[in-house]
Amino acid sequence: QVQLVESGGGLVQAGGSLRLSCAASGSIFRINTMGWYRQVAGKQRDLVATITRDGTTNYADSVKGRFTISRDSAKNTVYLQMNSLKPEDTAVYYCNAPWFSINYWGKGTLVTVSS
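Nothing here was measured: the structure is a model prediction, and the numbers come from that model. (Residues numbered from 1 in each chain as written. Predicted model: local features only at pLDDT ≥ 70, side-chain atom pairs only at ≥ 80, totals over all residues. Heavy atoms only, no water.)

Participant: Describe the overall build of the protein, listing the residues and the values that go with them.
Facilitator: Helix and strand content of the protein: zero helices and 11 strands. Ordered by position in the sequence, the α and β elements of the protein form the string β-β-β-β-β-β-β-β-β-β-β. Computed over C-alpha atoms, the radius of gyration of the protein comes to 13 Å, within 12% of the 13 Å expected from 2.2 N^0.38 for 115 residues, which places it in the range of a compact globule. C-alpha atoms of the protein, sized along the principal axes, occupy 40 × 30 × 20 Å. Within the span of the protein, comprising 115 residues, buried residues form 40% of the whole. Sequence separation of 24 or more characterises 53% of the internal contacts of the protein that already satisfy a separation of 6 or more. Just so you have it, the protein exposes about 6,200 Å², and 50% of that area is on carbon and sulfur atoms. When the 12 positive and 7 negative side-chain charges of the protein are each reduced to one mean point, those points stand 5 Å apart. (Helix = DSSP H or I, 4+ residues; strand = E, 2+ residues; numbered from the N terminus. Rg over C-alpha atoms; globule rule 2.2 N^0.38 Å. Buried < 20%, exposed > 50% of the residue type's maximum accessible area, 1.4 Å probe, protein only. Contact = heavy atoms within 4.5 Å. Areas by Shrake-Rupley, 256 points an atom, 1.4 Å probe, with all protein chains shown as cover. Lys, Arg positive; Asp, Glu negative; His and termini not counted. Charge placed at Lys NZ, Arg CZ, Asp CG, Glu CD.)

Participant: Describe in detail the sheet that holds strand β7 (residues 67-72), supporting the description with residues and values.
Facilitator: One open sheet holds the four strands; their spatial order is β1-β3-β8-β7, and the pairing between them is antiparallel. At either end of the open sheet lies a strand with only one pairing partner, and these are β1 (2-7) and β7. Sheet twist, expressed as the average angle between the axes of neighbouring strands with direction ignored, equals 15°. For β7 and strand β8 (residues 77-82), the ladder comprises six bridges, and the chain directions are antiparallel. (Pairing = 2+ DSSP bridges. Axes fitted to C-alpha atoms, helices over the stretch in contact; angles between N-to-C directions.)

Participant: Tell me about unusual backbone geometry, and name the residues and values.
Facilitator: With a phi angle near 50°, Asn76 is a residue other than glycine that sits in the positive phi range. Residue position: Asn76 is located in the loop between β7 and β8. Phi at Phe100 takes a positive value of approximately 50°, unusual for a residue other than glycine. The exposure class assigned to Phe100 is exposed, which follows from its relative accessible area of 77%.

Participant: Before we move on, could you go through the side chain of Thr50 and cite the residues and values that matter?
Facilitator: Mapped onto the elements of the fold, Thr50 is located in strand β5 (residues 46-51). When its relative accessible area of 17% is taken as the criterion, Thr50 is described as buried. Once residues lying within four places of it in the same chain are set aside, the contact partners of Thr50 are Thr33, Met34, Gly35, Thr56, Thr57, Asn58 and Ile69.

Participant: Any details on the pattern of salt bridges? Residues and values, ideally.
Facilitator: Under the definition given, this model contains three salt bridges. In this structure, Lys64 and Asp61 form a salt bridge, with 3.1 Å as the shortest nitrogen-oxygen distance. In terms of burial, Lys64 and Asp61 fall into one category: exposed. A single network of salt bridges, built from pairs that share partners, joins Arg38, Arg66 and Asp89. (Salt bridge = Lys/Arg side-chain N within 4 Å of Asp/Glu carboxyl O.)

Okay, structure coming up:
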């Protein structure tokens, strides 16, 4: 089992910044890729960014140049630095860790960007 706990969400004005954290525990030795997804009520959960154990990153086009994903292996934590936030970034952000056919998810943290 892998447990993921997100933190760092909140209310911010457009143009502002937030940093999300995802603390992983449990059988984390299994996990290579970790990532962030986001979901607006009534819509599907969309990929935001992923990072592999060796630091390879991948971003959704909508966040490229504004968001940065990073990983601190010593702390078993993944971060999402979000800059130049826009109202359309408002969503619940979820941490994800896939392992073969299993997708581990955190409970999510709400990010609200006001215009």
